Amino acid sequence: MLHHVKKSISRLLSSFLISLLLHLPGSGHRKEKLPCFHQINPIVSQDRDLMIVIFLSLFSAEVTMVKGAELFETSPHKACKPYQWLQKYYQQVLAVVFAIDEINKDPSLLPNISLGFYLYNTYHSDERTLESSLKWLSGHDQLIPNYSCREMDKSVAVIGGVTSALSVQMGTLLNLYKFPQISYGPFDSALSDKVQFPFIYQMAPKDSSLHQGLVHLMMYFSWNWIGIVVSNDMRGEEFLWKMRGEMVKNGICVSFIEKVPVSERRHMESQENFMSRIMASSTKVVVIHGDTDSLMILRYSQIPALWSWKVWIVTSHWDITMRPIIHYGHYFHGALTFSYLTSEIPGFKTFLRTVRPSKYPDDILLREFWLSAFRCSDQSENTEQEICSPNASLETLPLYSFDMTMSGLSYTIYNAVYAVAWALHEIFMEKSEKRSVEDKEYLVLYSWQLHSFLKNIQFNNSAGDQVFVDENRSSEAQYAIMNYVMLPNNTEFLMKVGQFIPKTVLGQDFTICDKAITWAWGASKVSYGVCSESCGPGFRKIPLEGETVCCFYCSPCPEGEISSHKDAEHCKKCPENEYPTKQRDRCLSKVVTFLDVKEPLGMTLIFMAVSFSFLTALVLWVFVKFRDTPIVKANNRSLSYTLLISLIFCFLCSLLFIGHPTTATCLLQQTVFGVVFTVAVSCILAKTLMVVVAFRGIRPGSRIQMFIHPRMARYVVLMCSGIQVILCGIWLGTYPPFPEADTHSEYGHIIIRCNEGSAFVFYCVLGYMGFLALGSFTVAFLARNLPDTFNEAKFITFSMLVFCSVWATFLPTYQSTKGKAMVIVEIFSIMASSTGLLGCIFLPKCYVILLKPNRNTQEQIKNKQDSRAKFFS
């Protein structure tokens, strides 16, 4: 910044020397009146007792590199250089007039003293700003270094600097004279350095929370892919640093950064095509930060033919309504701007409605503004031209020409004028205590005397706002969020849709009414300022390689995991007692289930078990009732009774598998099942062995004869069953079964089941029982053709075939099923195998006993014995 100032001063010094040579006696040049209106300085003045010098940027002119005195004056023989009115800035002039008028009418503020002003134009140019400053210091339109034409200096303060760059240009020169300068442009922390700029005072509020308000807006609309355009200066870099830091904290990414060089501070088309690059970007939301001066180049940049609508977020320092052509407003339709939230100055709008050229006939500036704003003629340089619409009101002008609402800059200028007035008030109050009012030295005032009073000034303006000149005590800026709307008929307006008040109660600092916002053309809802569409619940974000965190693709959560909110980075598993929905967006409580006695299947199984056990008991009753008949006696009554009793328990043990599992039922289920089935199979094995022994043992001299004894069958049953009992005892003593909640076998359910404890012992029990069954089947199969009246070998063969088939099928089925189905499979296997034994062994005998009693006689036995003798002969 200082380097740029030095370059400007060096140019001016060179020009001073040339100007001095041209105006030495004998030179061929003489000073003539400037024919160009915009080159008149001061362009407006009100001569009073004390004067404030005000530098405003009211029109721009093409700034080119010129030589010598041409920088400061234009020959009358040369045509005036083209200039352009910055019509909206004329409100700042009226704010000065209004404030001065109020102060002079206030008898208590500056009694017996009138305040006036000199108004100079700075052209939005560093060189022109220095030129205007030097012209004021010299007191003449023609610059002569170190020489002043002013007879008496009545100037007490300078108000100027719409940008910090212009404030620096003026301050570098004014510091030499210790002249107080009040900057009305945006607050710049660089100007707070009192070592470099000891006599500059900033009236604008601090923008230290602006970046937080912008991020609040982005978070509210879920925007995370943002483009940023800033001026390429210290203020732009400071804003960019704060903005990026706040965006990173909130997970918002920067799509692009476009820096507009300070050298582009001109109101003409840029050599660089900024807008084409901005419009070609993929982001839908663009933040623009900078002053109207430095960013006006965007308004003059050519808009590409093919482009997509953007949502523009504009900070308070850029007046988005200023533009060269009315149609350019359509490109920024729907923009949101953070404007200073200020109170309305009483009487200011009424004053604006009364402003007319007839009210101020000697005001050439008002006349030229009127000719330009109301488009009276293209020849506004003609001083004789008649004023058009003399009774019109400024209120009728479009927004891009004039705004009836006081702008932030005008509000700051208004406060700056009052700050000077209050400082003068304090000075004269101090002087009045020492000298009388009649003393002529009462009005003698040096500008440097203002510093000690100015820096301590604080007052309440007419709107009730408290104003501080001390930068350390200046307030934090508050913002009104305005929506820029341009209708198809080119009518434009700014509508307040929200506000941001920093350092207030959390949750109340940022408010916005999104329903009141008018978005860009063709957008009926909020635009999506995102790189990638949000991942809904049930999905997780997978970053794209080489891209920012805001660019990603969505991947479904793995099975068994969920994500309950948008843009989840990780999925999480549900608790053991819950399960994910099919959409994997939330967890549901699992249904606790088991083979309940109240459900239809449970009731059916209970009915079947009781029915078959009752049928078995009925068969046992038949055998007991007909115990003395040959068919009962011939098949070892005691084994038949034991087998039938064990079958009754086999059917009834299936009831242990139905209902809510408990520790007791789990201990009894497999052990009772294993023991009673082993007893049943042992009885069958004993029966088959006794049949073989009976037939083989009757031969003369057979050694098997010694085994034909009733106790032999009992020993077989006791020995085989005893081994199973010992095995079950070891099982219960080491790894006993226990109830458990199975949360994984069945989706969405918690299966309450019995865990075998030791699967190895469980299959050992089944294997031992299968071994006995296979042995019984083998022996019975070998003895199936032995002749006997009531030979059971064939029936045992079929029964064991059924038994082995059922349990051979049970094993793979049991392994492939889970949850409640395992219990059902085991119950059906128990009932099927028990029914096979009951049906194949005892039902044929019951048929003979009950329906064919004639076959259950001794004669029938004799006939069979004769056939048996023939078989062995």
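Residues numbered from 1 in each chain as written. Predicted model: local features only at pLDDT ≥ 70, side-chain atom pairs only at ≥ 80, totals over all residues. Heavy atoms only, no water.

Here we come to the state of the cysteines. Overall, the coordinates contain six disulfides when judged by the stated rule. Linked covalently through their sulfurs, Cys 253 and Cys 550 form a disulfide whose S-S length is 2.0 Å. Measuring handedness by torsion sign, the sulfur bridge of Cys 253 and Cys 550 sits at about 85 degrees and is right-handed. Taken together, the residues Cys 253 in strand β10 (residues 253-261) and Cys 550 in the loop between β19 (539-543) and β20 (552-556) connect sequence positions 297 residues apart. Cys 253 sits in the buried class, given a relative accessible area of 7%. At a sulfur-sulfur separation of 2.0 Å, the disulfide partner of Cys 531 is Cys 551. Here the disulfide of Cys 531 and Cys 551 is right-handed, its torsion about the S-S bond being about 105 degrees. (Disulfide = S-S within 2.5 Å. Helix = DSSP H or I, 4+ residues; strand = E, 2+ residues; numbered from the N terminus. Buried < 20%, exposed > 50% of the residue type's maximum accessible area, 1.4 Å probe, protein only.)

Spatial ordering of the open sheet is given by β10-β9-β11-β12-β13-β16-β17-β18, a layout of eight strands whose pairing is mixed. Among the strands making up the open sheet, the edge pair consists of β10 and β18 (510-512). The average angle at which neighbouring strand axes cross in this sheet is 25 degrees, direction not considered. In this sheet, strand β13 (residues 336-340) lies alongside strand β12 (residues 311-314) in parallel orientation, the contact comprising two bridges. Of the residues in β13, the one forming a bridge with Val 314 is Thr 337. (Pairing = 2+ DSSP bridges. Axes fitted to C-alpha atoms, helices over the stretch in contact; angles between N-to-C directions.)

Okay, the nonpolar core next. Leu 119, Leu 365 and Leu 424 are the most contacted members of the largest nonpolar core, which totals 78 residues. For this core, the element with the highest residue contribution is helix α11 (residues 408-432), accounting for 13 residues. Counting 66 residues, the second largest nonpolar core, distinct from the first, contains Tyr 641, Ile 648, Cys 683 and Ile 796. (Core = buried A, V, L, I, M, F, W, Y, C linked by side-chain atoms within 4.5 Å.)

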